[in-house]
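What follows is the residue order along each chain.
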Amino acid sequence: GTPKQIAQMVSEGTADFAICTESLELFNDLVLLRCYRWNRCVLMPKDHPLASGELTLERVAEHPLVTYVFGFTGRSKLDDAFAKEGLEPRVVFTAADADVIKTYVKLGMGVGIVAHMAVDPVQDKGLVNLDAGHLFEPSTTRIGFRKGTFLRGFMYEFLQTFAPHLTR
């Protein structure tokens, strides 16, 4: 589901945890714990014009973009960056999944903007991966659970596996 749907499920008690980058703050009945910060990269075929030269928002905005659906995976940070510079990104395709985005980039539909950790050097060897940390504000992924929840042993184990810096 969308981050809002997932947070709603936790709020209603039909799911134990919500792991999201956006929309969790809309639910004041959730305990929110910061898990990790991340940023984006720009993906393109090796022969693409963006593959050489300085990577700027202006240059990125000149090309069709393939990225996340609004409300997923920090998409609002991407939109905010373009708006701040007075640029209108030409988003031609959106998806909730980075592998779908990468597939469309490989098919030549546009330049991809995805989370940097979504790039696999083996699977994505035909693509150029340029760090875009200087173009976009970093995002923070959080895990949320309903206030008053009795955290069982397996829940603590999951939390420590997912975000080792979290303690009881």
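We now turn to the structure provided with this report. Given the structure is predicted, the values throughout are model-derived calculations rather than measurements.

## Some words on the side chain of T140
Here is step 1 of the chain: By secondary structure assignment, the location of T140 is in strand 8 (residues 139-146).
Here is step 2 of the chain: A residue is classified by how much of its surface remains accessible, and T140, at 11% relative accessible area, is buried.
Here is step 3 of the chain: Those residues in contact with T140 that sit more than four places away from it in its chain are C20, T21, R34, Y36, R37 and W38.

## Quick word on the sheet that holds strand 8
Here is step 1 of the chain: Here we have three strands laid out as an open sheet, ordered 1-8-2, and antiparallel in their pairing. Two strands bound the open sheet, and with one partner strand each, they are strand 1 (18-20) and strand 2 (30-38). Pairs of neighbouring strands in the sheet enclose a mean axial angle of 20 degrees, with direction left out of account.
Here is step 2 of the chain: Sheet topology places strand 1 next to strand 8; three bridges connect them, and they run antiparallel. Counterpart to C20 in the pairing with strand 8 is R142.

## What to know about the sheet that holds strand 6 (residues 111-115)
Here is step 1 of the chain: The five strands are arranged 5-4-6-3-7 in an open sheet whose pairing can be described as mixed. Edge positions in the open sheet fall to strand 5 (90-95) and strand 7 (127-131), since each of these has one partner strand only. Taking each pair of neighbouring strands and ignoring which way they run, the sheet shows an average axis angle of 30 degrees.
Here is step 2 of the chain: The strands that helix 4 (residues 98-106) touches are strand 3 (40-45), strand 4 (64-68), strand 5, strand 6 and strand 7; relative to strand 4, the one it contacts most, it runs at about 165 degrees.

## Some details on a negative patch on the surface
Here is step 1 of the chain: Negative charge collects at one region of the surface, where E54, E58, E62 and E85 lie side by side.
Here is step 2 of the chain: Its place among the elements puts E54 in the loop between strand 3 and helix 2 (57-61).

## Describing the nonpolar core
Here is step 1 of the chain: By size, the foremost hydrophobic cluster in this structure holds 17 residues, and its most contacted members are V42, L55, V60, F82, I113, L135 and F136.
Here is step 2 of the chain: Sorting the residues of this core by element identifies strand 3, helix 2, helix 3 (75-84) and strand 6 as the ones contributing at least two each.
Here is step 3 of the chain: Not counting residues up to four positions away in its chain, the partners in contact with V42 are L55, V111, G112, I113, V128, N129, L130 and A132.
Here is step 4 of the chain: Counting 14 residues, the second largest nonpolar core, distinct from the first, contains A95, V114, A118 and V119.

The rules behind the values
- Residues numbered from 1 in each chain as written.
- Predicted model: local features only at pLDDT ≥ 70, side-chain atom pairs only at ≥ 80, totals over all residues.
- Heavy atoms only, no water.
- Helix = DSSP H or I, 4+ residues; strand = E, 2+ residues; numbered from the N terminus.
- Buried < 20%, exposed > 50% of the residue type's maximum accessible area, 1.4 Å probe, protein only.
- Contact = heavy atoms within 4.5 Å.
- Pairing = 2+ DSSP bridges.
- Axes fitted to C-alpha atoms, helices over the stretch in contact; angles between N-to-C directions.
- Patch = residues over 30% accessible without salt bridge, like charges linked within 9 Å, V, L, I, M, F, W, Y side chains within 5 Å.
- Areas by Shrake-Rupley, 256 points an atom, 1.4 Å probe, with all protein chains shown as cover.
- Salt bridge = Lys/Arg side-chain N within 4 Å of Asp/Glu carboxyl O.
- Lys, Arg positive; Asp, Glu negative; His and termini not counted.
- Charge placed at Lys NZ, Arg CZ, Asp CG, Glu CD.
- Core = buried A, V, L, I, M, F, W, Y, C linked by side-chain atoms within 4.5 Å.

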